[in-house]
Amino acid sequence: MRLFFVLCITIASLSMRNANETGSAITQKDARTAIEFHNKARKEVGSPELKWSNELATFAQQWADHLAADCKMQHRPRTGKWTQKYGENIFWGSSSVYTVTDACKSWYSEKEDFTGPIFTGHEEKVVGHYTQMVWKKTTKLGIGIAKCSGGGVIIVANYDPPGNYLGENAY
């Protein structure tokens, strides 16, 4: 029983340490990797680099935790308690082995379907995750991650200022 208690305290401490360092449950290493991934994609199209935001990461973590309760993937609503204030990308994986890098790769994979630079909203396939990653006016990024009780994972990224405005250049 004592070993179980010590193990629980240790896990809670590690989780709190990540939150203190990054604003969310992801590690500093994963935060750096996500920023580097985003900035590489942004460099390809001439968008300025993003900076990590603990405030955005905390916001993303709250939504990831909320979604993980029933492992349902949906964007924040436009009104109410959970009102969206930022740009948002969400990733869901059926196993807890998915990482922040997997989410970034998934969002980036939409690049091949974006014919921009103007975001029309009429693209034949989904491109909004990619365009949010590279949106030239966005300056900050924060990401949260939560595990579903059934073993899946939810990853939420928030971007400030948001992007994907119809008729505007993504980059």
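Residues numbered from 1 in each chain as written. Predicted model: local features only at pLDDT ≥ 70, side-chain atom pairs only at ≥ 80, totals over all residues. Heavy atoms only, no water.

*Asks:* Whenever I open this one, the side chain of Gln132 confuses me. Can you help?
*Replies:* Relative to the helices and strands, Gln132 is located in helix H5 (residues 128-134). Taking the relative accessible area as the measure of exposure, Gln132 reaches 2% and is therefore buried. Polar side-chain contacts of Gln132 include one of 2.9 Å to the backbone nitrogen of Gly163. Among all residues touching Gln132, those that are not within four sequence positions of it are Gly87, Glu88, Asn89, Thr138, Tyr159, Pro161, Pro162, Gly163 and Asn164. (Helix = DSSP H or I, 4+ residues; strand = E, 2+ residues; numbered from the N terminus. Buried < 20%, exposed > 50% of the residue type's maximum accessible area, 1.4 Å probe, protein only. Polar contact = N/O pair within 3.5 Å; in protein donor to acceptor, adjacent residues only side chain to side chain. Contact = heavy atoms within 4.5 Å.)

*Asks:* Explain the pattern of salt bridges here, please?
*Replies:* Opposite charge on two side chains permits pairing when their charged atoms draw close. On inspection of all chains with the given rule, the structure shows four salt bridges. Between Lys111 and Glu44 there is a salt bridge, with its nearest N and O atoms 2.7 Å apart. Here Lys111 is found in the loop between helix H4 (100-108) and H5, whereas its partner Glu44 is found in helix H2 (residues 28-45), with 67 residues between them in sequence. Close ionic contact of Glu168 with Lys137 constitutes a salt bridge, the shortest N to O distance being 3.5 Å. Remark: Lys137 occurs in the loop between H5 and strand E3 (140-147) and Glu168 occurs in the segment after strand E4 (153-160); sequence separation between them is 31 residues. Overall, Glu168 belongs to the partly exposed group, its relative accessible area being 29%. In this structure Lys137 comes out as partly exposed when scored by relative accessible area, which is 46%. (Salt bridge = Lys/Arg side-chain N within 4 Å of Asp/Glu carboxyl O.)

*Asks:* Can you walk me through the nonpolar core in this structure?
*Replies:* Nonpolar side chains in soluble globular proteins generally cluster together in the buried interior. Ranked by internal contacts, the top residues of the largest apolar core, which has 27 residues, are Trp107, Leu141, Ile143 and Ile155. Mapped by element, the contributors of at least two residues to this core are H2, H4, H5, E3 and E4. Ranked by the residues each element gives to this core, the list is headed by H2, at five residues. Those residues within four positions of Ile155 in sequence are excluded, and the remaining contacts are Asn89, Ile90, Phe91, Thr99, Val100, Ala103, Trp107, Ile143, Gly144 and Ile145. (Core = buried A, V, L, I, M, F, W, Y, C linked by side-chain atoms within 4.5 Å.)

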